[in-house]
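Fold and contact review
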Amino acid sequence: MTFTLQWLLKTPIDVWSLPPTAFYAQHDEQACVVSDGKPVAVTVIGSRLGRSMATVDSGAALGKVRTNPQGGKPCR
């Protein structure tokens, strides 16, 4: 038997699809990315097919995200 369910969040959130190489200083689900040259704190909420989904902790929008940000400055 198969059931199909649809669900909605009471409060919508913005989720960004990013390559896994964009994250640094990751500990559990907490990580950093470099957006428009600045470190940004994010929370990784899932991954699928080579992409990771994350929310920005401040709720701000991401700009141009650098992949492979070696030596990125701390975001927390």
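Scoring rules and cut-offs
Residues numbered from 1 in each chain as written. Predicted model: local features only at pLDDT ≥ 70, side-chain atom pairs only at ≥ 80, totals over all residues. Heavy atoms only, no water. Pairing = 2+ DSSP bridges. Helix = DSSP H or I, 4+ residues; strand = E, 2+ residues; numbered from the N terminus. Axes fitted to C-alpha atoms, helices over the stretch in contact; angles between N-to-C directions. Core = buried A, V, L, I, M, F, W, Y, C linked by side-chain atoms within 4.5 Å. Buried < 20%, exposed > 50% of the residue type's maximum accessible area, 1.4 Å probe, protein only. Contact = heavy atoms within 4.5 Å. Disulfide = S-S within 2.5 Å. Patch = residues over 30% accessible without salt bridge, like charges linked within 9 Å, V, L, I, M, F, W, Y side chains within 5 Å. Areas by Shrake-Rupley, 256 points an atom, 1.4 Å probe, with all protein chains shown as cover. Salt bridge = Lys/Arg side-chain N within 4 Å of Asp/Glu carboxyl O.

1. Section: the sheet that holds strand β2 (residues 24-27)
- Strand order across the open sheet formed by five strands is β1-β5-β4-β3-β2, with antiparallel pairing between neighbours. The open sheet terminates on both sides in strands that have one partner only, identified here as β1 (16-18) and β2. When strand polarity is set aside, the average angle formed by the axes of neighbouring strands in this sheet is 40°.
- Where strand β4 (residues 38-48) lies against strand β5 (residues 51-56), six bridges are found, and the strand directions are antiparallel. Among the inter-strand pairings, S47 is bridged to a residue of β5, identified as S52.

2. A closer look at the nonpolar core
- L18, A22, F23, A31, V33, V40, V42, V44, A54, V56 and L62 together form the largest nonpolar core, which totals 11 residues.
- At the level of secondary structure, the elements contributing two or more residues to this core comprise β3 (30-35), β4 and β5.
- The element contributing the most residues to this core is β4, with three residues.
- What V56 contacts, discounting residues up to four positions off in sequence, is W16, V40, A41, V42 and L62.

3. Quick notes on the state of the cysteines
- The final tally for this structure, using the stated rule, is one disulfide.
- C32 shares a disulfide with C75; S-S distance 1.9 Å. Measuring the twist about the S-S bond at about -70°, one finds the C32-C75 disulfide to be left-handed. In this pair, C32 sits in strand β3 while C75 sits in the segment after β5, placing the two residues 43 residues apart along the sequence. Like C32, the residue C75 is buried in the burial classification.

4. Brief notes about a nonpolar patch on the surface
- On the surface, W7, L9, I13, V15 and I45 cluster together to form a nonpolar patch covering roughly 540 Å² of accessible area.
- Inspection of the secondary structure assignment puts L9 in the segment before β1.
- Classification of L9 by relative accessible area gives partly exposed; the value is 44%.

5. A word on the pairing of β4
- Note that β3 and β4 share six bridges and pair antiparallel. Among the inter-strand pairings, S35 is bridged to a residue of β4, identified as K38.
- Joining the antiparallel neighbours β4 and β5 is a turn of two residues, in which L49 adopts a positive phi near 50°.

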